[in-house]
Structure formats: C-alpha cells, structure tokens
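Examining the three-dimensional arrangement
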Amino acid sequence: MLDELLHRVSNHIPRTLETDKRFPEAAVLVPITRSDEPELVLTLRASGLSTHGGEVAFPGGRRDPEDPDLVFTALREAEEEIGLPPGLVEVIGPLSPLISLHGINVTPYVGVIPDFVDYQANDAEIAAVFSVPLEFFRKDPREHTHRIDYQGRSWYVPSYRYGEYKIWGLTAIMIVELINLLYDARISLHQPPKRFTDT
C-alpha cells in the first residue's frame, strides 16, 4: 500500500516556481513512517525562535553555502533538529516549492523513515516532535480556512487541529499537495470550501 502511494510521489512533476533568484533557499523533509498506517512526522518549533516560533513545521531550514544540494539540506537539518540519521531516510522526491512569508524559497522532499525512531529534539529549536496519521488529513478535517492573496490569486489554506497542535500555513499547503497526490483527494487551495470562514 505505502509503496504504491510512494510510486505516485516518485513520478510526480512538481510545479515550477518563477522567482527572483535572490530569494534564499531552504528545504524541509516530509517524513512518512513505513507502517500499515503511515504517519507524517512534524515538529513544534521552539517559541523563542525569530521566525515561525511556536508553529508546527516539517524539519528543515536554510541551505548552507557548502550544502551540495537541497536534499542534503533537508537531511542535514532533520538530523540537527530532531536527531534523525540521514541513513534512515529513503528520499522519494520533491513536492512543489513555495515562498514563505519571510521571502525564502522552500522545497519539500518526501522521505520514508522507519516506524520507530528515537527522536532527539534540539531544545534550542524544537519544542516537540509528533506524528499524525496520513488518514487524518485525507478526510480534510479543517478547523477553519485562511484566505491568503498572493501573486494575484487567492489561496484558501486549511488550518487543522490535531490534539494540542495547530497545523496551518506553508506546512498545511505542503500537506494538501501530498494528500492530493497520494489519495486523489482533490482538496482545492484555490476554491473556498463550502463553509468558508476567513479567520
């Protein structure tokens, strides 16, 4: 089942992003557990960070000048932030790049990891590491929807609540692309949901 889903990711051609080359680059890892009920691994960023503090995100960060490519960046940052050894990650392929509110060009990479990993969160950057079943997002159980006007069009971005965690923004956009790809879920980011509330 999981391999069939991942085959879709490996054959996926991400959207290209026409951007100013001066935007700094970053990469995140979108880790999926290899299990009968696959889960996405996410982090809660430490509240004291200068950008995105207290927000849910995938492990990742800015590309260092010496990083040979963005896959390396994603794996390096995942090891630094949550203690995930790069050798445990089977990188499947990229999702579409996005520009963050801080003007950073972020490329997500989907990777498969073992079901059980002893995460070591970097306390300076990460407040918690947690996982959410992919099936949770497949049902699109959004708590509400944020309308974001960007590059001449409106985006209707879901905000999900999983336990104590709020999953929204760039992370939610990446999850929607992944879920649409894996399950043909047809969750639209450019049409308001039937019960649209802009909060």
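Refer to the structure presented above.
The structure reproduced in this document is the subject of the present report. On a predicted model such as this, the values are computed, not experimentally measured, just so you know.

A closer look at helix H2 (residues 70-82)
- Along its 13 residues, H2 runs 18 Å from first to last C-alpha, staying within 8% of the 18 Å computed at 1.5 Å per residue.
- Regarding H2, the residues found buried are Leu-70, Thr-73, Ala-74, Leu-75, Arg-76, Glu-77, Ala-78, Glu-81 and Ile-82.
- The inward-facing, buried residues of H2 contact strand S1 (25-33), strand S2 (39-45), strand S4 (60-62), strand S5 (90-94), strand S7 (105-113) and strand S8 (126-133).
- The backbone nitrogen of Val-71 lies 3.3 Å from a side-chain oxygen of the residue at the head of H2, namely Asp-69.
- A positive backbone phi angle near 70° is found at Gly-83, which sits one or two residues after H2.

Describing the pairing of strand S9 (residues 144-150)
- As defined by bridge partners, S9 adjoins strand S10 (residues 153-162) across seven bridges and the pair is classed as antiparallel. Note on S10: the bridge partner recorded for Tyr-150 is Arg-153.
- Where S9 folds back on S10, the antiparallel hairpin that results is connected by two residues, among which Gln-151 adopts a positive phi of roughly 50°.

Describing unusual backbone geometry
- Phi is positive for Asp-140, close to 45°, though the residue is something other than glycine.
- Here Asp-140 lies in the loop between helix H3 (134-138) and S9.
- For Asp-140, a relative accessible area of 23% puts it in the partly exposed group.
- In this model, Asp-184 sits at a positive phi of 50°, which is unusual for a non-glycine residue.
- Positionally, Asp-184 belongs in the segment after helix H4 (169-183).

Description of the packing of helix H1 (residues 2-10) against H4
- In the contact formed by H1 and H4, the axes pass within 8 Å of each other and the chain directions differ by 115°. Viewed along their axes, H1 and H4 form a crossing whose handedness is right-handed. Contacts between H1 and H4 involve Leu-5, Arg-8 and Val-9 from the first element and Leu-178, Leu-181, Leu-182 and Tyr-183 from the second.
- Per-class residue counts for the contact of H1 with H4 are six nonpolar, no polar and one charged.

Let's talk about the pairing of S7
- Counting buried residues in S7 gives nine out of nine residues, a clear majority hidden from the surface.
- Residues Asn-105, Thr-107, Tyr-109, Gly-111 and Ile-113 of S7 are buried on one face, and the alternating residues Val-106, Pro-108, Val-110 and Val-112, pointing to the opposite face, are buried as well.
- Where S1 meets S7, nine bridges bridge the pair, whose relative direction is parallel. What sits directly across from Ala-26, in S7, is Val-106.
- Sheet analysis places S5 next to S7, joined by four bridges and oriented antiparallel. Each bridged residue has a counterpart across the sheet, and for Val-91 the counterpart in S7 is Gly-111.
- The pairing of strand S6 (residues 98-99) with S7 spans two bridges and is classified as antiparallel. Bridging from a neighbouring strand, Ile-99 pairs with Asn-105 of S7.

Some thoughts on the pattern of salt bridges
- Following the criterion strictly, the structure yields twelve salt bridges and no others.
- One salt bridge connects Arg-34 with Glu-90, and the closest N-O pair in it is separated by 3.2 Å. Note that Arg-34 is positioned in the loop between S1 and S2 and Glu-90 in strand S5, a separation of 56 residues in sequence.
- Residues Arg-76 and Glu-80 are paired through a salt bridge, measuring 3.2 Å at the closest nitrogen-oxygen approach.

Some remarks on the sheet that holds S9
- Strands sit in the order S9-S10-S11 across an open sheet of three strands; the sheet is antiparallel. Two strands lie at the open edges of the sheet, namely S9 and strand S11 (165-167), each paired on one side alone. Adjacent strand axes in the sheet meet at a mean angle of 25°, parallel and antiparallel pairs treated alike.
- The strands touched by H4 are S10 and S11; relative to S10, the strand with the most contacts, the crossing angle is about 95°.

How each quantity is defined
Residues numbered from 1 in each chain as written. Predicted model: local features only at pLDDT ≥ 70, side-chain atom pairs only at ≥ 80, totals over all residues. Heavy atoms only, no water. Helix = DSSP H or I, 4+ residues; strand = E, 2+ residues; numbered from the N terminus. Expected span 1.5 Å × (residues − 1). Buried < 20%, exposed > 50% of the residue type's maximum accessible area, 1.4 Å probe, protein only. Contact = heavy atoms within 4.5 Å. Polar contact = N/O pair within 3.5 Å; in protein donor to acceptor, adjacent residues only side chain to side chain. Pairing = 2+ DSSP bridges. Axes fitted to C-alpha atoms, helices over the stretch in contact; angles between N-to-C directions. Left-handed = near helix turned anticlockwise from the far one by under 90°. Nonpolar A, V, L, I, M, F, W, Y, C, P; charged D, E, K, R; others polar. Salt bridge = Lys/Arg side-chain N within 4 Å of Asp/Glu carboxyl O.

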